[in-house]
Amino acid sequence: LCVPAVPVLFKQALENTDVEEGKSVSLRCELSKADATVVWKKGEATLQASAKYEMKQKGTVAELVIHNAEPEDA
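Residues numbered from 1 in each chain as written. Predicted model: local features only at pLDDT ≥ 70, side-chain atom pairs only at ≥ 80, totals over all residues. Heavy atoms only, no water.

**Student:** Can you tell me about the nonpolar core, naming the residues and giving the values?
**Tutor:** Of all hydrophobic cores here, the largest spans eleven residues; its members are Val-25, Leu-27, Cys-29, Leu-31, Ala-36, Trp-40, Leu-47, Tyr-53, Ala-62, Leu-64 and Ile-66. Those elements that place two or more of their residues in this core are β2 (25–31) and β6 (61–66). With four residues, β2 is the largest single contributor of residues to this core. Those residues in contact with Val-25 that sit more than four places away from it in its chain are Thr-17, Val-19, Leu-64, Val-65 and Ile-66. (Core = buried A, V, L, I, M, F, W, Y, C linked by side-chain atoms within 4.5 Å. Buried < 20%, exposed > 50% of the residue type's maximum accessible area, 1.4 Å probe, protein only. Helix = DSSP H or I, 4+ residues; strand = E, 2+ residues; numbered from the N terminus. Contact = heavy atoms within 4.5 Å.)

Structure (structure tokens):
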């Protein structure tokens, strides 16, 4: 028996967030399926975990923390 995969959807999408330059900001989204693979991108570039970008995921909530925010992070 073949059961088609149910697509993962956004239950809560990202919201625009203002942050003071030099501070940290947290961007969160909620998915319809726990522990789905999430890839964070800025334009076409895939972000990698580093001292600047911290990626977290717990259950259906995926979070990107940008440390030391700069105008280029918009």
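**Student:** So what's going on with the sheet that holds β6? Which residues, and what values?
**Tutor:** The strand order across the open sheet built from four strands is β1-β2-β6-β5, with neighbouring strands paired in antiparallel fashion. Each of the sheet's edge strands pairs with one partner strand only, and the pair in question is β1 (10–12) and β5 (53–58). Neighbour-to-neighbour, the strand axes of this sheet turn through a mean angle of 30°, independent of strand direction. Pairing of β5 with β6, which is carried by six bridges, proceeds in the antiparallel orientation. In the sheet register, Gln-57 faces β6, and the bridge partner there is Ala-62. (Pairing = 2+ DSSP bridges. Axes fitted to C-alpha atoms, helices over the stretch in contact; angles between N-to-C directions.)

Spatial relationships are all this shows, so hold off on functional conclusions.
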